[in-house]
Amino acid sequence: MATILVVDDELGIRALLSEILTDEGHSVELAENAAQARACRERVRPDLVLLDIWMPDVDGITLLKEWGATSLLTMPVIMMSGHGTIDTAVEATKVGAVAFLEKPITLQKLLRAVEQALAKPAPRPQPGPASPQQPLTTRLDGLMTIESALAPANSLPLSTVPIGPQSEQVFELDRPLREARDAFEKSYFEFHLSKENGSMTRVAEKTGLERTHLYRKLKQLGVDLSRNKRSGGL
């Protein structure tokens with residue numbers, strides 16, 4: 001599998017992304033600022049970088065431009081931001097990013113973006129403005145268009161949204177307490193994941209669990225977190 005560098009100044013984001021990507025079989029390196037990212041990129045030569053835009057020392061766009069100008073952009077870079085705009089996404093793709101993910105990032109969008117970024121060669125920044133024959137929505141070579149990256153998770157056409165678990169279910173009570181409780185909790189979390197379109201942040205807020213604890217709980221209960229990824233739904 002791949003070596004992925006996660007650059008984010010928020011400890012919780014780094015920890016959660018690291019756990020998810022490690023469970024997917026990847027080797028994960030972490031950096032909390034641009035200085036650490038530079039050193040890690042030189043040391044391990046990652047196959048992919050997840051790069052936050054807003055950081056305390058040097059912002060992600062500046063670091064991306066620096067790598068491009070010094071011929072160090074030899075790996076695909078996915079930009080992340082909790083305050084993203086269309087202009088920010090456009091700028092990121094112009095200087096070499098392969099995709100833009102808006103926080104909170106849904107599990108399905110993260111896994112799909114990583115999978116598709118690793119399947120493509122690292123892009124090269126194009127000089128000058130985009131050609132009129134190259135619409136902006138196709139600049140990402142099939143990874144993610146700017147519109148889809150910035151669109152709210154609940155803005156999908158109804159035909160692409162899975163029905164998911166129902167709010168009322170029947171449970172077999174003639175079984176040991178632990179098994180019955182696990183079955184209920186699994187259905188409970190599957191229902192909320194479906195309702196929130198896979199957003200770990202919103203499910204954590206709804207259930208009152210910290211995101212890292214929630215992710216571990218889902219893995220423990222055997223909740224299939226890759227189901228929507230396999231079906232292509234984001």
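Residues numbered from 1 in each chain as written. Predicted model: local features only at pLDDT ≥ 70, side-chain atom pairs only at ≥ 80, totals over all residues. Heavy atoms only, no water.

What about helix 5 (residues 107-118)?
Part 1 of the reasoning: For helix 5, built from 12 residues, the straight-helix expectation of 16 Å at 1.5 Å per residue is met to within 8% by its first-to-last C-alpha distance of 17 Å.
Part 2 of the reasoning: The buried count for helix 5 comes to nine of 12 residues, which makes it a mostly enclosed element.
Part 3 of the reasoning: Restricting attention to buried positions, one finds in helix 5 the residues Leu107, Gln108, Lys109, Leu110, Leu111, Ala113, Val114, Gln116 and Ala117. (Helix = DSSP H or I, 4+ residues; strand = E, 2+ residues; numbered from the N terminus. Expected span 1.5 Å × (residues − 1). Buried < 20%, exposed > 50% of the residue type's maximum accessible area, 1.4 Å probe, protein only.)

Structural notes on the packing of helix 8 (residues 200-207) against helix 9 (residues 211-221)
Part 1 of the reasoning: Orientation of helix 8 relative to helix 9, taken along the N-to-C sense of each, is 95°, at an axis distance of 9 Å. In terms of axis orientation, helix 8 runs roughly perpendicular to helix 9. Note on element contacts: helix 9 touches helix 8 through Arg211, Leu214, Tyr215 and Leu218, opposite Met200, Thr201, Val203 and Ala204.
Part 2 of the reasoning: Looking at side-chain class alone, the contact of helix 8 with helix 9 contains six nonpolar, one polar and one charged residues. (Axes fitted to C-alpha atoms, helices over the stretch in contact; angles between N-to-C directions. Parallel < 35°, antiparallel > 145°, perpendicular 65-115°, else oblique. Contact = heavy atoms within 4.5 Å. Nonpolar A, V, L, I, M, F, W, Y, C, P; charged D, E, K, R; others polar.)

Points about the pattern of salt bridges
Part 1 of the reasoning: Summed over the entire model, instances satisfying the criterion amount to nine salt bridges.
Part 2 of the reasoning: In this structure, the salt-bridge partner of Lys65 is Glu91, at a minimum N-O distance of 3.1 Å. With a gap of 26 residues between them, Lys65 in helix 3 (residues 60-69) and Glu91 in helix 4 (residues 86-94) connect regions that are remote in the sequence.
Part 3 of the reasoning: One salt bridge in this structure joins Glu196 and Arg202, with 3.2 Å as the shortest N-O distance.
Part 4 of the reasoning: Here Arg202 falls in the partly exposed class, since its relative accessible area comes to 31%.
Part 5 of the reasoning: Taken together, the shared-partner salt bridges connect Asp8, Asp52 and Lys103 into one network. (Salt bridge = Lys/Arg side-chain N within 4 Å of Asp/Glu carboxyl O.)

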